[in-house]
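Notes for the structure review
So you can see what is in the structure, the chains are spelled out below.
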Amino acid sequence: MNEHQRVSARLAAIAPSATLAVDAKAKALKAAGRPVIGFGAGEPDFPTPDYIVQAAIEACSKEANHRYTPASGKPALREAIAAKTLRDTGVEVDPANILVTNGGKQAVFQAFAAVVGEGDEVILPAPFWTTYPEAIRLAGGVPVEVFAGSGQEYKVSVDQLEAARTEKTKALLLCSPSNPTGAVFTPEELEAIGRWALDNGVWVITDEIYEHLVYGDAEFVSVLKAVPELADTTIVVNGVAKTYAMTGWRVGWMFGPSDVIKAATNFQSHLSSNVSNVAQDAALAAVSGDLAAVEEMKEAFDRRRKLIVAELSKIPGFEVPEPQGAFYAYPNVERALGKEIRGKVATTSAELAAIILEEVEVAVVPGEAFGPSGYLRLSYAISDDDIREGVGRIQKLLSEG
């Protein structure tokens, strides 16, 4: 009996998370005593702020938290998310139309599951976060990749979206600021895309989890603020993971039209019931508080952003667009391919990443995880010293010969 007979075809077709795989391999090598520097993980390297941790400690002793709570999320948290959304984006949302989820990933999957039917096409701008296409396929949909390379600052145009649209197009995925590229759509670009979606009856699923991590002159704007008329055909997904250094706490949320949120809530009631009550109370403290701790982390990320761009730009064959958001650099490495490196030749970015790990013990994620080959993703959510050392090793390796 082969694997596809033992395991359902839908689950057997899922590819593992490439970013988590790279991070796990780097951690395993470190545990074995190797001096590995990992640029793979998409998580802040800061501890969760103390006031959030304290809220969780206090939550543990509350007897009400030892019991089931509403599958949609604690009412106080949903109200706080609504207030935070208005404060941060200018978008007004009814707390009744907010669903608290087990991290942003569950929100992403449930958003697709709520509106995508079997065979529906979802336009997926590339480079994309590795989970999006898998979530689309799990919902029965078909991801339609639309690629924008470094020459376009990794931002798709309306013309590209229109060229990809068919009678089967159901939705468009937006992620700005972007994982993996750090690209941020301008308000004008976002409005143009939103108007296109509105005019063509295309649903928008917008991932806004990096909303607070924008730098320089870049500005985060929610597509619902740019085009309020999209409210009836837009789902927003977000969470506390990136903004508050809470990746391990697993609290996200989604909001949108009432019928969609009701369907997603029904689904979640069977899938997982409520999110951990202790984690919800921690998230309540996070979204209800000010952004002072967030600003401190953002200042460090901005410094590291400038450092990693400067260092990567010294590597032969690397073209490094300056990221404007999130905490990733996404260099184009096409000109570094096809050359001999210590007796090996990398013809793809996956092969180049493997050589870099094997030869100088630096873990990076190849572009194949996010779309076409020819790129690498490096998270700069690591220390300044590790950035200098890790990129320095790559520069030395690729400068040999």
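Residues numbered from 1 in each chain as written. Predicted model: local features only at pLDDT ≥ 70, side-chain atom pairs only at ≥ 80, totals over all residues. Heavy atoms only, no water.

Some details on the side chain of Ser150
For Ser150, the position within the fold is in the loop between strand S4 (142-147) and helix H8 (158-164). Under the relative-accessibility criterion, Ser150 is labelled buried at 10%. Side-chain polar atoms of Ser150 contact the side chain of Asn332, separated by 3.1 Å. (Helix = DSSP H or I, 4+ residues; strand = E, 2+ residues; numbered from the N terminus. Buried < 20%, exposed > 50% of the residue type's maximum accessible area, 1.4 Å probe, protein only. Polar contact = N/O pair within 3.5 Å; in protein donor to acceptor, adjacent residues only side chain to side chain.)

Quick notes on the packing of helix H6 (residues 103-115) against helix H11 (residues 258-271)
Between H6 and H11, the least distance of the axes is 9 Å, while the angle of their chain directions is 120 degrees. Classified by the angle between their axes, H6 and H11 sit oblique to one another. Every pair of crossing elements has a handedness; the one defined by H6 and H11 is right-handed. Along the contact surface, H6 presents Gln106, Phe109, Gln110, Ala114 and Val115, while H11 presents Val260, Ala264, Phe267, Gln268 and Leu271. Of the residues assigned to the contact of H6 with H11, the class counts are seven nonpolar, three polar and no charged. (Axes fitted to C-alpha atoms, helices over the stretch in contact; angles between N-to-C directions. Parallel < 35°, antiparallel > 145°, perpendicular 65-115°, else oblique. Left-handed = near helix turned anticlockwise from the far one by under 90°. Contact = heavy atoms within 4.5 Å. Nonpolar A, V, L, I, M, F, W, Y, C, P; charged D, E, K, R; others polar.)

A word on the packing of aromatic side chains
Given two aromatic rings, one states the distance between the centres and the angle between the planes to describe the pair. Under the definition given, this model contains 12 aromatic pairs. Here the aromatic rings of Phe46 and Phe301 are separated by 5.5 Å at their centres, their planes lie at 75 degrees, and the arrangement is edge-to-face. Linking Phe46 in the loop between strand S1 (37-38) and helix H4 (50-60) with Phe301 in helix H13 (residues 292-312), this pair joins segments that are 255 residues apart in sequence. In this structure Phe46 comes out as partly exposed when scored by relative accessible area, which is 24%. Ring centres 5.9 Å apart and planes at 65 degrees place the aromatic pair Phe147 and Tyr375 in the edge-to-face group. Of this pair, Phe147 sits in strand S4 while Tyr375 sits in the loop between strand S13 (365-366) and strand S14 (376-379), placing them 228 residues apart in sequence. Through a chain of ring-to-ring contacts, the aromatic side chains of Phe46, Tyr210, Phe301, Phe327 and Tyr328 assemble into a single cluster. (Phe/Tyr/Trp six-rings, centres within 6.5 Å; stacked < 30°, edge-to-face > 60°.)

Considering unusual backbone geometry
In this chain, Ala126 is followed by Pro127 through a cis amide linkage whose omega measures 5 degrees. Its place among the elements puts Pro127 in the loop between strand S3 (121-126) and helix H7 (131-138). Residue Pro177 follows Ser176 across a cis peptide bond; omega there is 0 degrees. Its location among the elements puts Pro177 in the loop between strand S5 (169-175) and helix H9 (187-199). Not every positive phi belongs to a glycine, and Arg250 is a case in point at roughly 60 degrees. Within the secondary structure, Arg250 is located in the loop between strand S7 (234-239) and strand S8 (252-255). For Arg250, a relative accessible area of 34% corresponds to the partly exposed category. One non-glycine residue, Glu361, lies in the positive phi region at around 55 degrees. If you trace the backbone, Glu361 turns up in the loop between helix H14 (349-360) and strand S12 (362-363). With relative accessibility at 16%, the residue Glu361 sits in the buried group.

Things to note about H9
Taking 1.5 Å of rise per residue, the 13 residues of H9 would be expected to cover 18 Å, and the 18 Å separating its terminal C-alpha atoms lies within 8% of that figure. Within the sequence span of H9, burial applies to Leu190, Ile193, Gly194, Trp196 and Ala197. Each buried residue of H9 lies within a common arc of 155 degrees when the element is viewed along its axis, so the set occupies one face. What points out from H9, more than 90 degrees from its buried face, is the exposed set Glu188 and Asp199. Just downstream of H9 lies Gly201, where phi reads positive at about 65 degrees. (Expected span 1.5 Å × (residues − 1). Arc of directions from axis to C-beta.)

Notes on the nonpolar core
One finds Leu172, Leu174, Val240, Tyr244 and Val251 to be the most contacted residues of the largest nonpolar core, which totals 46 residues. A total of five residues in this core trace back to one element, the largest contributor, which is helix H12 (residues 277-288). Among the nonpolar cores identified, the runner-up in size contains 43 residues, and Phe39, Val309, Phe327 and Leu337 belong to it. (Core = buried A, V, L, I, M, F, W, Y, C linked by side-chain atoms within 4.5 Å.)

Overview of the pairing of S3
Counting buried residues along S3, six of its six residues qualify, which places the element largely inside the surrounding structure. Pairing geometry for S3 and S4, over six bridges, is parallel. The residue of S4 that forms the bridge with Ile123 is Val144. Viewed along the sheet, the connection from S3 through H7 into S4 turns out right-handed. Of the pairings in the sheet, the one linking S3 to S5 comprises three bridges and is parallel in character. Following the sheet pairing, Glu121 is matched in S5 by Thr169. (Pairing = 2+ DSSP bridges. Right-handed = clockwise from strand over helix to strand, strands pointing away.)

A closer look at the sheet that holds strand S2 (residues 98-101)
Spatially, seven strands are ordered S2-S8-S7-S6-S5-S3-S4 in an open sheet, and the strand pairing comes out mixed. Both edges of this open sheet fall to S2 and S4, since each of them pairs with a single strand only. Strand after strand, the sheet turns through a mean of 20 degrees between neighbouring axes, direction not considered. Lying on the sheet, H11 is in contact with S2, strand S6 (203-207), S7 and S8; it crosses S2 at an angle near 30 degrees.

Quick word on the pattern of salt bridges
In total, this model carries 27 salt bridges according to the counting rule given. Between Lys84 and Asp88 there is a salt bridge whose closest N-O contact spans 2.9 Å. Of the two residues, Lys84 and Asp88 are both situated in helix H5 (residues 75-89); the distance of four residues between them amounts to about one turn of the helix. For the pair shown, Lys84 and Asp88 are each scored as buried. One salt bridge connects Glu359 with Lys344, and the closest N-O pair in it is separated by 2.8 Å. Residue Glu359 is found in helix H14, and its partner Lys344 is found in strand S11 (residues 344-345); the two are separated by 15 residues along the sequence. Of the residues examined, Lys344 reaches a relative accessible area of 29% and is grouped as partly exposed. The network of salt bridges with common partners includes Arg342, Lys344, Glu358, Glu359 and Glu400. (Salt bridge = Lys/Arg side-chain N within 4 Å of Asp/Glu carboxyl O.)

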